[in-house]
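# Descriptive analysis of the structure
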Protein chains: 4
Amino acid sequence: MIQLAFRQNVLDHGWVELHSVMGNDLTIVNAARQSFGQTSTDMGEKEKGLINFLMRERHGTPFEMVVFTFNIKLPIFVMREWVRHRIASINEYSGRYSKMIEDYYIPKDSKIRSQTGKPGAYRFEPVGTFKAKAVQKFMAAVSSVCWNSYEILLKMGIAKEVARMILPVNFYTQITWTINLRSLLNFINLRSADTAMWEIQEYSRAVEWIIHQQIPVTYDSFLKNKRVAP
Amino acid sequence: MIQLAFRQNVLDHGWVELHSVMGNDLTIVNAARQSFGQTSTDMGEKEKGLINFLMRERHGTPFEMVVFTFNIKLPIFVMREWVRHRIASINEYSGRYSKMIEDYYIPKDSKIRSQTGKPGAYRFEPVGTFKAKAVQKFMAAVSSVCWNSYEILLKMGIAKEVARMILPVNFYTQITWTINLRSLLNFINLRSADTAMWEIQEYSRAVEWIIHQQIPVTYDSFLKNKRVAP
Amino acid sequence: MIQLAFRQNVLDHGWVELHSVMGNDLTIVNAARQSFGQTSTDMGEKEKGLINFLMRERHGTPFEMVVFTFNIKLPIFVMREWVRHRIASINEYSGRYSKMIEDYYIPKDSKIRSQTGKPGAYRFEPVGTFKAKAVQKFMAAVSSVCWNSYEILLKMGIAKEVARMILPVNFYTQITWTINLRSLLNFINLRSADTAMWEIQEYSRAVEWIIHQQIPVTYDSFLKNKRVAP
Amino acid sequence: MIQLAFRQNVLDHGWVELHSVMGNDLTIVNAARQSFGQTSTDMGEKEKGLINFLMRERHGTPFEMVVFTFNIKLPIFVMREWVRHRIASINEYSGRYSKMIEDYYIPKDSKIRSQTGKPGAYRFEPVGTFKAKAVQKFMAAVSSVCWNSYEILLKMGIAKEVARMILPVNFYTQITWTINLRSLLNFINLRSADTAMWEIQEYSRAVEWIIHQQIPVTYDSFLKNKRVAP
């Protein structure tokens, strides 16, 4: 079922879901053709060539005419990187208005990792299954203590915005995210990179998988251009 | 024919045309409901109340989830104000790549105006039909001289980007414009105001007419809120 | 010592410190006078009148010519609201690169609060000293457990970016923040409001106190204009 | 006199003038060091290495902490490209409020050029001194007719905003421009390129000359990085 591609599960409790999209490859071509007072109705070789040209020469504005909205469930520590992409619109689940979600992220065995090397050139390596299992249990125990404490505070009548202060950044939140294709390709370029934190890489790959089906020609061009956004 | 509303003629040779739209009133409601982890499927009284609340309290981000693309033909001097709205995406017809369009703007009788008063409080008044006719002819004559000179330069083999330097700012250009609803309401608030230049007011009113049909509840709310954007 | 005003302590371990500033009231006047090809060298009545006019009529761009940089120490849950102001530049202390800071926020007695009413119209009231003391101890105990667990994970050789996942959002972080005066007045308008979370109000008031000394005329004008940013 | 470098004449009547600057190379280093909770007081080899690293890896935000304000006099057709750089603040001389400036741009001999080839790969070549002289005289004559017509309309009592409609885009305007270093390096990268319009290249080179003295280490790093902005 092709529909499935529009929702990707990520990490242990997260997901990325395409909510809506405005425009496609042809929209980009016609925005660029505005400069010449021309319009195309089909994606032929000329149109593909134009998209390659725009990508390579970094004529970015035509790519801003395609806009995506996603619903995303992600841990707070991932959200803290996500929100740094300023050319985008976000609405987030509010811990002031609503009870937080009882889901927290625990890395799988192979992602319980050690860190060596210097900033910008860290190497991360799995610590081994035995140690990983112990760490997972430990992290889950702490997360669970925090959640229970949160519920106790709520039961004591403490305001949600105060009670949630003791919830760790591995707890999940949810957002609606609207972003144009130019800004999104920049997000994917940066957040799919090896040096990015593994967990946000996973989200970036989910986003990439979903959108590449919407703008296949642009995506090919992005890959040819070494994944540098226009 | 309802379709007609999506294209509005403006001034003597200009127009505004809705190219595409993503989202509607319900999109705004559901983006805001993200904060509560809830979803609405119909626009009832509760949903209307929520939009009024968001508008009044200036919770602006949910309005960013609705996005419009327009094609617009407008004089360069109007474009020079238009482009100052930075939270938007523009592709413009290029006088470097293409021969300019042989259309220039001449104000109608009642808009050949005099200016009195101080900056921020100018009064503009029609100069009277007789004088207006003379001014129109004069402006048209100068515009025509410029266009002919432009064509002469092109025939002499001069680059388009050099030849166009002598075209006045009343010549028309064309753009594709993508903008979210929050930024658009701010545009309408500023550019429909009495103190705005009359010609951009006309464009602003055309945009307003087109979009109010797409987001009727939000538009009502905008009017109630004294046309202040959220 | 006038110098003291440039650093304000906020909450139990936080602070706001002015790092540098470009421009002052006169900068705003002269940016606006650009429209007339004029320059002022002193702040007289005319200049004050111009600033009032710009503020009231929401001619915002001249206020963008004054730029501030701050260093700020704040809890993560405050940072999560802070970062939503997109027209600004931020560098943040990194929990991937560095060991986190061992400071966490516990509200003072009068700010251990209950929450009643509906979203947008919540009332927050102190729960009383006796209960507050208990809640403070409880929150401190949980925070302390989390910090100790974080240190254990680090000692086990787990990567910083994994270990910090179990630190709650009441832990402190640090940022460098550059923002222009127009965007900053909008920040202050929204974050000093009664409906804002109390903790971010405190930061907003600290910022307000620091900057009002730098741009006294603009600040007066902001107050006269009911604290609506231009 | 070192002072001279802060004002560069451009084209026949234009100039770029540095008005103020906030920050320097060390500001960038310390913004980046925020991530590690460290501070530098001198630019040593380590600091240079850090700037190179930030530039190469496109960690752009530290470069946003340095901000420049310029005063610039430039032809309208150059301004029309300039204003497309959205991450910046502009105040412009207003043809609605003030009488326009009686200066227009005529390219020098070697820049009266022909255009061959395809979009994105145009070649521009001088047309020869004899033809160039004729074109210059012709362009000046048309510009002069437009200016005289503008003055006639003003004398007839026509509003400035109407009268100026017949002024060509080679007339000069003036702006105040505030922009951070990251956005400015992007401007320079795009507008100093061979494919950019020659006239804006000239302005870009003037800006480049002025700023390279303010942030010498960053500028070296920019050159090493093939002039790609971080």
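Residues numbered from 1 in each chain as written. Chains lettered and ligands numbered in written order. Predicted model: local features only at pLDDT ≥ 70, side-chain atom pairs only at ≥ 80, totals over all residues.

### Details of the overall build of chain A
In plain terms, the rule: Helix and strand definitions follow DSSP, with helices as H or I runs of at least four residues and strands as E runs of at least two, each counted in order from the N terminus. Burial in this document is a count-based property: other C-beta atoms within 10 Å of a residue's C-beta are tallied, and the residue is buried at 20 or more, exposed at 12 or fewer, or partly exposed in between, with C-beta positions derived from the backbone. A residue pair is marked as a contact if its C-beta atoms, positioned from the backbone, fall within 7 Å.
Check the secondary structure of chain A and you find eight helices and seven strands. Principal-axis analysis of the C-alpha atoms gives chain A an extent of 65 × 40 × 35 Å. Across the 230 residues that make up chain A, the buried fraction comes to 45%. Here the analysis covers contacts within chain A between residues at least 6 apart in sequence; of these, 73% occur between residues at least 24 apart.

### Structural notes on the interface of chain A and chain C
Definition in use: Under the scheme applied here, ten amino acids are nonpolar (Ala, Val, Leu, Ile, Met, Phe, Trp, Tyr, Cys and Pro), four are charged (Asp, Glu, Lys and Arg), and all others, including Gly, are polar.
The interface is formed by 39 residues belonging to chain A together with 39 residues belonging to chain C. Those elements giving two or more residues to the side of chain A that touches chain C turn out to be α3 (76–82), β5 (113–116), α4 (129–155) and α5 (160–163) of chain A. For the side of chain A that touches chain C, the leading source of residues is α4(A), giving nine residues. In terms of residue class, the side of chain A that touches chain C is made up of 27 nonpolar, six polar and six charged.

### Some remarks on the relation of the copies chain A and chain C
Going by this rule: Fitting of the copies onto one another was done by least squares over C-alpha atoms, counting residues only where both copies have pLDDT of at least 70.
Expressed as a screw operation, the relation of chain A to chain C combines 0.0 Å of axial shift with a rotation of 180 degrees, fitting to an RMSD of 0.0 Å. Taken together, the rotation angle and the small translation identify this as a two-fold axis. No C-alpha of chain A lies nearer the rotation axis than that of P168(A), which sits 1.7 Å from it. Interface residue correspondence from chain A to chain C reaches 100%, placing this contact among same-surface, isologous pairings.

### Topic: the domain arrangement of chain A
So the rule is basically this: As annotated, the domain borders come from an automatic or database domain assignment.
Its domain assignment divides chain A into domain 1 (2–94 + 172–224) and domain 2 (109–166). Using C-alpha coordinates to define each centre, domain 1 of chain A is positioned 30 Å away from domain 2 of chain A.

### Observations concerning the interface of chain D and chain B
Contacts between chain D and chain B engage 39 residues on the former and 39 residues on the latter. Looking at the side of chain D that touches chain B, the elements that each hand over two or more residues are α3 (76–82), β5 (113–116), α4 (129–155) and α5 (160–163) of chain D. Here the side of chain D that touches chain B takes nine residues from α4(D), the largest share from any one element. Here the residues of the side of chain D that touches chain B are counted per class, giving 27 nonpolar, six polar and six charged.

### Some words on the environment of A206(B)
Residues and elements named next belong to chain B. Relative to the helices and strands, A206 resides in helix α7 (residues 198–212). With 92 residues separating them along the chain, A206 and S114 place their C-alpha atoms 25 Å apart. Sequence-distant contacts of A206, that is, excluding residues within four places in its chain, are made with Q8, V10 and V16.

### What about the environment of E47(B)?
Residue and element names in this part refer to chain B. Within the fold, E47 resides in helix α2 (residues 45–56). We classify E47 as buried; it has 20 C-beta atoms within 10 Å. Distance in space between the C-alpha atoms of E47 and V217 is 9.2 Å, their sequence separation being 170 residues. Look past the residues within four positions of E47 in its chain and what remains in contact with it is V29 and S40.

### Comments concerning the sheet that holds strand β3 (residues 67–75) of chain C
Paired through their backbone hydrogen bonds, the strands of a sheet run either parallel or antiparallel. All names here are of chain C. Heads up, the condition is: In this description, strands pair whenever DSSP reports at least two bridges between them. To define axes, lines are fitted to C-alpha atoms, for helices over the stretch in contact only, and angles between the resulting N-to-C directions are given on a 0 to 180 degree scale.
With antiparallel pairing, the five strands of this open sheet are ordered in space as β1-β2-β3-β7-β4. Only two strands of the sheet have a single partner each, and these edge strands are β1 (7–10) and β4 (89–92). For this sheet, the mean inter-axis angle between neighbouring strands, taken without regard to orientation, is 20 degrees. Where β4 and strand β7 (residues 172–180) come together, four bridges link them in antiparallel fashion. Looking across to β7, one finds that E92 is bridged to I175. In the packing of helix α6 (residues 181–191) onto the sheet, the strands contacted are β3 and β7, and the crossing angle to β7 comes to about 130 degrees.

### Concerning unusual backbone geometry
Although it is not a glycine, K226(A) sits at a positive phi angle of roughly 60 degrees. With respect to the helices, strands and loops of the structure, K226(A) is situated in the segment after α8 (216–224). When the 7 C-beta atoms within 10 Å are taken as the criterion, K226(A) is described as exposed. The backbone phi angle of R58(B) is positive, close to 60 degrees, even though this residue is not glycine. Assignment of secondary structure puts R58(B) in the loop between α2 and β3 (67–75).

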